[in-house]
Amino acid sequence: MPDDRTPRAREKHGFATRAVHAGAAPDPTTGARATPIHQTTAYVFEDADHAASLFNLQTFGYIYSRLTNPTVAVLEERLANLEGGRGAVCASSGHAAQLLAFFSLLEPGDRFVASRNLYGGSITQFMHAFRKFGWGVDFADPSDPANFEAAIGPKTKAIFCEVLANPGGVIVDLEPVAAIAAKHKIPLIVDNTLATPFLCRPFDWGADIVVHSTTKFLSGHGNAMGGAVIESGRFDWFASGKFPSMTEPDPAYHGLKFAETFGDFGFSMKTRAVGLRDLGPTMAPLNAFLTITGIETLHLRMAAHVANAQAVAEFLAAHPKVAWVSYAGLKSSPYHALAKKYLPKGPGAVFTFGVKGGYEAGVKLVETVELFSHLANVGDTRSLIIHPASTTHRQLTEEQRARAGAGPEVIRLSVGIESADDLIRDLGAALDAA
């Protein structure tokens, strides 16, 4: 649930302290120090008036675990705290989080502008699944912020991008994109999955909504699915008249106006009370518990991920069987300056490189490595490898794959926290074999 304290007050402690403590307290009944897994579907009401006030959104509390759960609530507050946001809603996956975010924003016939450099699953979701809701997407080349503005039309209600794009490691210049969104009085939604709030906080650069696949680095151990929608609390929903779902009476809640009633956490309340209620992509309490536990070491893990990624990228850049490496930590990267600005602690641990020999060499490489795991995920403590053209981006056309940075020769790495020397040896042996 939203925290009544201001973001500034909630950030009086350092990141590491907040990663361990934010949103959590010893269990008042048992004294348990770790957040319990509240594996329950529903909660007993004090009396009829208490039940009515909960259903009318007049009192904060727990009704049914599709909407609220004490374990999930701890995670929501922790994520809002670490991102510097006002409120958060967790969901069953990153895709579910994206659906919830747009469900609270868009009406049938509305459109949004999205960076064309996105996770392939997001491109597919935006192009095909969202069409069934009557929503349209216009893709823009993020290399020039002006491209986002050029794609904005009269029905555009949001801009969406990944600050650190999956899989190509493209870094979006958030500050001018946020200025464009503000000029047109539409929210900037930023997927911060690959960076995490340890490396970048999009709200500090003008973003209005942040989404995560918590499945990745936040959970960090490849054992818990989840997603999150976090709002900054700064967007003015009344300024443009473009967001009736936020500003007009909601018939399901006796004419309640979410932006008016809940103010700077109105979007979170709308997303929970309507999106989660009607679509139902709820995060499981066990997954919330595992993600809470993972976040406690986020600052330690991300530092190790980034250091290893830099070492592996430098090795690959000098290897004769590698055509190119797209990692913003390399001085040769066109995104090196943006990385210094937006991700001064390091540009993440997911990046791509091109293996000489094209598609067949790429397939051979992922089949030959031993320490790297060949699977469709990122953000694990273990190092992961995949050939996007034959897996995560295979639904796209050849042209779309190339534009998304997933051409036939492309290999994506998610560098883990093992010994860097071991990772380099494994890749070197596989490249020699390929």
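Here we summarise the structure given alongside this text. (Residues numbered from 1 in each chain as written. Predicted model: local features only at pLDDT ≥ 70, side-chain atom pairs only at ≥ 80, totals over all residues. Heavy atoms only, no water.)

## Section: the sheet that holds strand 5 (residues 188-191)
Sheets are built from strands paired through backbone hydrogen bonds, the pairs being either parallel or antiparallel. Heads up, the rule is: Only when DSSP finds a minimum of two bridges between them are two strands counted as paired. The way it works is that DSSP assigns letters per residue, a run of H or I at least four long becomes a helix, a run of E at least two long becomes a strand, and they are numbered from the N terminus. Each axis is a line fitted through C-alpha atoms, taken for helices only over the stretch in contact, and angles between the N-to-C directions span 0 to 180 degrees.
Spatially, the 7 strands line up as an open sheet ordered 1-7-6-5-4-2-3, and their pairing is mixed. Pairing within the sheet leaves two strands with one partner each, and these edge strands are strand 1 (87-91) and strand 3 (136-140). If you compare each strand with its neighbour and ignore which way they point, the axes differ by 20 degrees on average. With 3 bridges joining them, strand 2 (residues 111-115) and strand 4 (residues 156-162) adopt parallel strand pairing. Across the sheet, the residue bridging to Val-113 is Ile-159, located in strand 4.

## A short note on the environment of Glu-77
Here is the rule we go by: Relative accessibility thresholds used throughout: buried, under 20% of the residue-type maximum; exposed, over 50%; partly exposed, between the two (1.4 Å probe, protein chains only).
By secondary structure assignment, the location of Glu-77 is in helix 4 (residues 70-83). Accessibility expressed as a relative area gives 8% for Glu-77, which makes it buried. Note: C-alpha distance between Glu-77 and Ala-24 (53 residues apart in sequence) is 8.4 Å.

## Some thoughts on the side chain of His-387
In plain terms, the rule: Residues adjacent in sequence count toward polar contacts only when both atoms are side-chain atoms; beyond that, a polar contact is any pair of N or O atoms within 3.5 Å, and within protein one must be able to donate a hydrogen and the other to accept it. Any two residues whose heavy atoms approach within 4.5 Å are treated as being in contact.
For His-387, the position within the fold is in the loop between strand 11 (384-386) and helix 17 (398-403). A distance of 3.0 Å separates polar atoms of two side chains, one belonging to His-387 and the other to Ser-390. In this structure the side chain of His-387 is engaged in a polar contact, spanning 2.8 Å, whose partner is the backbone oxygen of Pro-408. Ignoring sequence-local partners within four residues, the contact set of His-387 consists of Tyr-359, Gly-362, Val-363, Val-366, Pro-408, Val-410 and Ile-411.

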